[in-house]
Amino acid sequence: MRKLLVVVLLGVAGVVLGRWYRREVMHEGDALVHLQSEHEHFHLHVDMPPELEIQPGDTLHVLNVPQSYGQTPGELTYPSRVRLYKASWLKRNLIKRSSLAEINELVEHP
């Protein structure tokens, strides 16, 4: 009976940690999107409103795209609504720590 209780408690703890990790809070705002598309490279820069700050683990969705029919004329700047999904504290810190480990591996690699 004791082993069953331990297994159930570990299962509940795993479910709680999983839900905490996947928890996101959504914010929306207006931004200015700078799109640079050339033959050799593609860049996208978003000027975010001051109340929205991107941190590790967050996801940004640009909701509007220009009508370009598959091609852009080099550089293009347009306003767009953006949706920012803020990561949970657990996810943000796990991503920070794993990123530091990957950077250290790159630096220490011969």
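Basis of the calculations
- Residues numbered from 1 in each chain as written.
- Predicted model: local features only at pLDDT ≥ 70, side-chain atom pairs only at ≥ 80, totals over all residues.
- Heavy atoms only, no water.
- Salt bridge = Lys/Arg side-chain N within 4 Å of Asp/Glu carboxyl O.
- Helix = DSSP H or I, 4+ residues; strand = E, 2+ residues; numbered from the N terminus.
- Buried < 20%, exposed > 50% of the residue type's maximum accessible area, 1.4 Å probe, protein only.
- Pairing = 2+ DSSP bridges.

Colleague: Please clarify how the pattern of salt bridges should be interpreted in this entry.
Modeller: Applying the stated criterion across every chain, the model contains 5 salt bridges. In this structure, the salt-bridge partner of Glu28 is Arg81, at a minimum N-O distance of 3.3 Å. Here the residue Glu28 occupies a position in strand 1 (residues 24-37), and Arg81 occupies one in strand 4 (residues 74-87), the gap between them amounting to 53 residues. Given a relative accessible area of 31%, Arg81 falls into the partly exposed group. Between Asp30 and Arg81 there is a salt bridge, with its nearest N and O atoms 3.0 Å apart. Within this pair, whereas Asp30 is found in strand 1, its partner Arg81 is found in strand 4, the two being separated by 51 residues in sequence. On the accessibility criterion, Asp30 (54% relative accessible area) is exposed.

Colleague: Help me out: how do you make sense of the pairing of strand 4 in this one?
Modeller: Side-chain positions along a regular strand alternate between the two faces of the sheet. Note that strand 1 and strand 4 share 14 bridges and pair antiparallel. Within the sheet, the bridge partner assigned to Gly29 lies in strand 4 and is Val82. Here 4 bridges tie strand 3 (residues 59-62) to strand 4, and the two strands are oriented antiparallel to one another. Counted as the bridge partner of Thr59 is Tyr85 from strand 4.

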